[in-house]
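Structural characterization, general
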Amino acid sequence: MNDTSAPAVAADGPRYDFRTAEPKWQAAWSERACFAVADVPAGGKPKYYVLEMFPYPSGKIHMGHVRNYTLGDVVARYKRASGFDVMHPMGWDAFGLPAENAARERGIHPAKWTFENIDAMRAELKRMGLSLDWAREFATCQPEYYRHQQKLFLDFFAAGLVERKESWVNWDPVDGTVLANEQVIDGKGWRSGAPVEKKLLSQWFFSITKYAPELLEALGTMDRWPERVRLMQANWIGRSEGARLTFLLDQPEACHEGIEVYTTRPDTLFGMSFLAIAPEHPLAATVAAQDPAAEKFIAECRSMGTSEAVIETAEKHGYDTGLRVRHPFIEGATFPVWIANFVLMEYGTGAIFGCPGHDQRDLEFARKYGLTVTPVVLPPVADPATFSIGKDAYVGPGTVYNSGFLDGREVDAAKRAAIDALAGKGIGEGVTNWRLRDWGVSRQRYWGCPIPVIHCGQCGVVPVPDEQLPVRLPDDVTFDRPGNPLDHHPTWKHVACPRCRQPAQRETDTCDTFVDSAWYFARFCCASATDQPLVRAAVDHWMPVDQYIGGIEHAILHLLYSRFFTRAMRDTGHIGVDEPFAGLFTQGMVNHESYRSADGPNGVWLYPEEIDKRPDGSVVQKATGEPVIVGRIEAMSKSRRNTIDPGDIIDRYGADTARWFILSDNPPERDMEWTESGVAGAYRFTQRVFRQAEAVGPGDGPAGESAEAWRAWKQTTRPDAFDQHATTLRRATHKTIAAVTDALESFAFNVAVARLYELANAITDAERAPAEPGLPWARREAVEVFARLSAPMMPHLAEAVMACLNPGATALVAELSWPAAEAELLIAERVTIAVQIMGKLRGTIAIAPDSPADAVIAAAEAEPNVAQALAGKRIVRRIHVPNRIVNFVIAG
């Protein structure tokens, strides 16, 4: 892949020189500001805002970027040609731990590392020919951006949407920072390798739970979002109906009279086997204070991550506290209280009652510790005398039994009856619960947006005054100690309280980087505004984003946080819309074969450019000739080294080839396989298209006409009539306009590519057709239409083709309107009609559309196979379905 020479192409026509053409047309677009729009455009065009999720500046773009931004660029160019004012901006999600780690490992400031990476990636993205409004570019690490983020934080704080409270977190004692659940690997910090602790810290939270009902309800209106994403968000918000009840301790412990539990299955209370509390539950702390073994168990639990995924997959462990609780309905019955590693303090009440017969997690726990398993829901048609629970809990519908007053009721009816009984006893009530928890945004890191508050011993938490924003990160920090450099800085955190002027301290926590990306789309609408985060007229004009494009991995957190942030900005007067993204598209992954050296378990992964595929089918290492194990086709990743460098592809084949191939392989929502042969085929196609243009263009090509003669010909009136081959080509041309338009409207980009391949084939057929007076005009029309229809996918080639067809023309394809199909050419010349006898297909006929029934039936009877089958038969009925079927009903 390091060979930058272009592959060979057929020598039957001049070559399209993409190395010269692509920079030329990119410069022309930039000079003409083709993709720039005003914050509030004049002229009355409809608006269209297309946005791809902005990248983290890692230093190099990858094939996922190429696919993502190509998809967005196709939409942007198509909508602009279709008469819309299009905003298509680009920026950088530039804060985050990788930059801080680079600072520690390489002795370079995070800002320098970040901006060098931005420069490199910007240059690569520009080589792709994306129709971006670069004047709106910003990086979230720039004080000009995070100043406004700090203002939004303070406005949310004033509105009661920000709170500081204690929370359990994953704490890395070596790095001295909070870790996300995903950064805890096998109970250890992903970077330091130190055993992670669960620690109770004061954290800043956005009150996203206040919007839980609205966030859930609005999902039903978002018909341009994938159903899968809406379902994932609904499950994450997690509205549930259930009961909140208190289990009284058989012997009250200290100040604990009972344990509160939330359950969605009160119908299974008679199947209770135990009660479990989270290691962080207050009662667990009380027990641990008197029981060293309990204290040790809790410490072990704190070495796990806090995510549900970690909890669900970990082996279930528990500690019997020796305490027992009374059953709410069974007189005299008590059950053991366990501390369990699978119960989370932040969900529900931090306590659950275990019904092993009807919850798989509870069943695994009960089997491990020899607890009772009593089924209380009988499946349909099951025999109560023989039904039992094996390896799997029963979670389906059925009839409640073994349950006293609930016996004989269906599950839903039993739930209602149990809740009524709990309320009657004064120990419970029916409640609506939400799985969603408030968004903790505190991070003990340097490279993030400083949280704009000051802690004063006398005044408490004091917001930084607006006139003192931004609270800028200090440049003179060091990374020679673990933990947050802001805590170690000798002067930065020491300030006077804005209220009492006494010595105080800045907040040294910085914002979770999800905050930076939760409102950037709105800032793009007025990226140059200096006095306020958002200019209301601009954001209300452009928002919501009409088409948002990005990976399914952001289906929950980023998208949900953005939906919350938009509502918070609405309620603080910054924006006038409820939802940030009207349409969402989640693209598939780019896959490639993986390769590994044949050294047994010690084999190393190899990059595609390190292997050689020989004619006999064997695969070897280029450097050594040693055999290579070809692995499965999977998503490109650095760990597998099955990546392709987009820069190398552009060097060798050009940006348009990369764009065309990445659009052609599969529907964009599905994964696609990157293959060398596929890219080479796309490259050959670009050469073929350019040769077709030169075949009908001026100059020294096959047309053999001077530019002057061509201009004179072009100015002649279109022929009054077209003969057979010209008409056939024109029909193909205008049907392609209609088909490509429909495909782009429905995001079926691979279908659009397929229809354009068909048009190119029709142009080739016309080149070989006998000479007709109107055929040259039809060929030129077809090539021009091809250029304009392919411009969203191959913009540089489209400009080159049009320049070839129109010497001296000043208009760019990027400025032209979308072609319209001539309606009369979309009408089929002939339709194929099935001919049946007694409902069985006997033949087909081709006839003019909407022909009279008598003519269609006569043609059907004359079809040779049909005529033979009808010979000697008496036809009792002739059925004609216009343009579709003729069916003959015969006697006997």
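Figured I'd write up the structure that's included with this text.

Rules used in this analysis
Residues numbered from 1 in each chain as written. Predicted model: local features only at pLDDT ≥ 70, side-chain atom pairs only at ≥ 80, totals over all residues. Heavy atoms only, no water. Helix = DSSP H or I, 4+ residues; strand = E, 2+ residues; numbered from the N terminus. Buried < 20%, exposed > 50% of the residue type's maximum accessible area, 1.4 Å probe, protein only. Contact = heavy atoms within 4.5 Å. Areas by Shrake-Rupley, 256 points an atom, 1.4 Å probe, with all protein chains shown as cover. Lys, Arg positive; Asp, Glu negative; His and termini not counted. Charge placed at Lys NZ, Arg CZ, Asp CG, Glu CD. Phe/Tyr/Trp six-rings, centres within 6.5 Å; stacked < 30°, edge-to-face > 60°. Lys NZ or Arg CZ within 6 Å of the ring centre and 35° of its normal. Axes fitted to C-alpha atoms, helices over the stretch in contact; angles between N-to-C directions. Parallel < 35°, antiparallel > 145°, perpendicular 65-115°, else oblique. Left-handed = near helix turned anticlockwise from the far one by under 90°. Nonpolar A, V, L, I, M, F, W, Y, C, P; charged D, E, K, R; others polar. Arc of directions from axis to C-beta. Salt bridge = Lys/Arg side-chain N within 4 Å of Asp/Glu carboxyl O. Expected span 1.5 Å × (residues − 1). 1 Å grid on protein atoms, 1.4 Å probe; cavity = no way out; pocket = protein on both sides within 12 Å on 5 of 7 lines; lining within 4 Å. Points joined across faces, edges and corners; volume = space filled by probe spheres on them. Pairing = 2+ DSSP bridges. Right-handed = clockwise from strand over helix to strand, strands pointing away. Core = buried A, V, L, I, M, F, W, Y, C linked by side-chain atoms within 4.5 Å. Polar contact = N/O pair within 3.5 Å; in protein donor to acceptor, adjacent residues only side chain to side chain.

**Details of the overall build of the protein**
- In terms of regular secondary structure, the protein is built from 28 helices and 35 strands.
- Sorting the 892 residues of the protein into buried and exposed places 53% on the buried side.
- Put simply, 71% of the contacts in the protein that link residues at least 6 apart link residues at least 24 apart.
- Total accessible area on the protein stands at roughly 38,500 Å², and carbon and sulfur atoms take up 51% of it.
- Separation between the mean location of the 94 positive side-chain charges and that of the 114 negative ones in the protein comes to 2 Å.

**Considering the environment of alanine 655**
- When you line up the elements, alanine 655 lands in helix H19 (residues 655-664).
- Residues alanine 655 and proline 795 lie 140 residues apart in sequence; the distance between their C-alpha atoms is 9.3 Å.
- Not counting residues within four places of it along the chain, the set of residues in contact with alanine 655 comprises Glu22, Arg127, Met128, Ile650 and His796.

**Structural notes on the packing of aromatic side chains**
- All told, the structure shown has 51 aromatic pairs when counted by the stated rule.
- Ring plane angle 75° and centroid distance 5.8 Å describe the contact between tyrosine 48 and phenylalanine 84, whose orientation is recorded as edge-to-face. One end of the pair, tyrosine 48, is in strand E1 (residues 47-52); the other, phenylalanine 84, is in the loop between helix H2 (63-81) and strand E2 (85-87), with 36 residues separating them in the sequence.
- Phenylalanine 84 sits in the partly exposed class, given a relative accessible area of 21%.
- Aromatic pair phenylalanine 206 and phenylalanine 564: ring centres 5.9 Å apart, planes at 45°, arrangement tilted. Taken together, the residues span a long stretch of sequence, with phenylalanine 206 in strand E7 (residues 197-206) and phenylalanine 564 in helix H17 (residues 557-571) at a distance of 358 residues.
- The exposure class of phenylalanine 564 is buried, given its relative accessible area of 0%.
- Through successive ring pairs, a cluster of aromatic residues spans Phe153, Phe156, Phe157, Trp204, Phe206, Tyr211, Trp439, Phe514, Tyr561, Phe564 and Phe565.
- Sitting over the ring of tryptophan 29, arginine 77 keeps its end group 4.4 Å from the ring centre.
- Here the basic side chain of arginine 435 rests over the ring of tryptophan 236, its NZ or CZ set 4.5 Å away from the ring centre.

**Description of the packing of helix H22 (residues 724-745) against helix H24 (residues 775-790)**
- The contact between H22 and H24 brings their axes to 9 Å, and the two run at 15°. Accordingly, the angle class assigned to the pair H22 and H24 is roughly parallel. The element H22 and its partner H24 pack so that their crossing is left-handed. Judged by residue contacts, His725, Ala726, Leu729, Arg730, Thr733, His734, Thr736, Ile737 and Val740 of H22 engage Leu775, Trp777, Ala778, Arg779, Glu781, Ala782, Val785 and Leu789 from H24.
- A per-class count over the contact of H22 with H24 returns 10 nonpolar, four polar and three charged.

**Digging into helix H27 (residues 853-862)**
- Those residues of H27 that sit buried are Val856, Ile857 and Ala860. Each buried residue of H27 sits inside an arc of 95° when the element is viewed along its axis, so together they form one side. In H27, the exposed positions angled more than 90 degrees off the buried face are occupied by Asp854 and Ala862.
- For H27, the elements touching its buried residues are strand E32 (831-837), strand E33 (840-847), helix H28 (864-870), strand E34 (875-881) and strand E35 (885-890).

**Details of the pattern of salt bridges**
- Evaluated as defined, the whole model comprises 44 salt bridges.
- Between glutamate 116 and lysine 112 there is a salt bridge, with its nearest N and O atoms 2.7 Å apart. With glutamate 116 and lysine 112 both in helix H4 (residues 110-127), this residue pair falls four residues apart, about one helical turn.
- Lysine 151 is the salt-bridge partner of aspartate 466, the closest N and O atoms lying 2.8 Å from each other. Here lysine 151 lies in helix H5 (residues 143-158) and aspartate 466 lies in the loop between strand E20 (460-463) and helix H13 (485-488), a separation of 315 residues in the sequence.

**What to know about H4**
- Spanning 18 residues, H4 covers 26 Å between terminal C-alpha atoms, matching the ideal 26 Å at 1.5 Å per step.
- Within H4, burial applies to Pro110, Trp113, Thr114, Asn117, Ile118, Met121, Glu124 and Leu125. Projection of H4 onto a plane perpendicular to its axis shows the buried side chains occupying an angular sector of 135°, all on one side.
- Where H4 is buried, its residues touch H2, helix H3 (97-106) and helix H18 (646-653).

**Remarks on the layout of surface pockets**
- Taken as a whole, the second largest pocket spans an internal volume of roughly 880 Å³.
- Around the second largest pocket, the lining comprises 31 residues; the ones closest to its centre are Tyr262, Thr264, Tyr347, Ile352 and Arg361.
- Mapped onto the lining of the second largest pocket, the elements with two or more residues apiece are strand E8 (239-253), strand E9 (256-263), helix H10 (308-313), strand E13 (351-354) and helix H11 (360-369).
- The class makeup of the residues in the lining of the second largest pocket is 11 nonpolar, 11 polar and nine charged.

**Thoughts on the pairing of strand E24 (residues 547-550)**
- Residues Gln547 and Ile549 line one face of E24 and the alternating positions Tyr548 and Gly550 line the opposite face, and both faces are buried.
- Looking at chain direction, E1 and E24 are connected through three bridges and run parallel. When the bridges of E24 are listed, valine 50 appears paired with glutamine 547.
- After leaving E24, the chain enters H17 and then returns to the sheet as strand E25 (residues 584-586), a path that is right-handed.

**Considering the packing of H19 against helix H25 (residues 795-805)**
- With their axes 7 Å apart at the nearest point, H19 and H25 run at an angle of 120° to one another. Classed by the angle they form, the pair H19 and H25 counts as oblique. Between H19, through Ala655, Asp656 and Arg659, and H25, the contact on the second element is made entirely by Pro795, His796 and Leu797.
- Partitioned by chemical class, the residues of the contact of H19 with H25 number three nonpolar, one polar and two charged.

**Brief notes about the sheet that holds E32**
- Taken in spatial order, the four strands line up as E33-E32-E35-E34 in an open sheet, and their pairing is mixed. Only two strands of the sheet have a single neighbouring strand rather than two, namely E33 and E34. Put simply, the sheet's adjacent strands are angled 20° from each other on average, direction ignored.
- Bridge count for E34 against E35 is six bridges, and the pairing is antiparallel. Residue isoleucine 875 lies in a different strand from E35, and its bridge partner there is isoleucine 890.

**Some remarks on unusual backbone geometry**
- The omega torsion across leucine 469 and proline 470 is 5°, close enough to zero to call that bond cis.
- Tracing the backbone shows proline 470 in the loop between E20 and H13.
- With an omega of 0°, the peptide bond between methionine 543 and proline 544 qualifies as cis.
- Inspection of the secondary structure puts proline 544 in the loop between helix H16 (536-542) and E24.
- Positive phi, close to 65°, is recorded for arginine 501, a residue that is not glycine.
- As for its position among the elements, arginine 501 is in the loop between strand E21 (494-496) and strand E22 (503-506).

**Here's the deal with the nonpolar core**
- Ranked by size, the top nonpolar core spans 184 residues in total, and within it Tyr49, Phe206, Trp439, Tyr520, Phe565 and Trp674 carry the most contacts.
- Each residue touching tryptophan 439, except ones within four places of it in the same chain, is listed here: Trp204, Phe205, Phe206, Ile208, Asp512, Phe514, Val515, Ala518, Tyr561, Phe564 and Phe565.
- Counting residues in each nonpolar core, the second largest holds 44 residues, with Ile259, Val261, Met272 and Ile389 among its members.

**With respect to the side chain of serine 597**
- Among the secondary structure elements, serine 597 is positioned in strand E26 (residues 590-597).
- From its side chain, serine 597 meets the backbone nitrogen of valine 604 in a polar contact 2.9 Å long.
- Those residues in contact with serine 597, other than ones at most four positions away along the chain, are Gly603, Val604, Leu606, Gln621, Pro627 and Ile629.

**Here's the deal with the side chain of arginine 230**
- Relative to the helices and strands, arginine 230 is located in helix H7 (residues 227-237).
- Apart from residues lying up to four places away in sequence, arginine 230 is in contact with Leu219, Gly220, Met222, Asp223 and Trp225.

**Re the environment of glycine 72**
- Topologically, glycine 72 is positioned in helix H2.
- Residues glycine 72 and alanine 102 lie 30 residues apart in sequence; the distance between their C-alpha atoms is 31 Å.
- For glycine 72, the residues in contact, after removing those within four places along its chain, are Val50, Glu52, His88 and Ile549.

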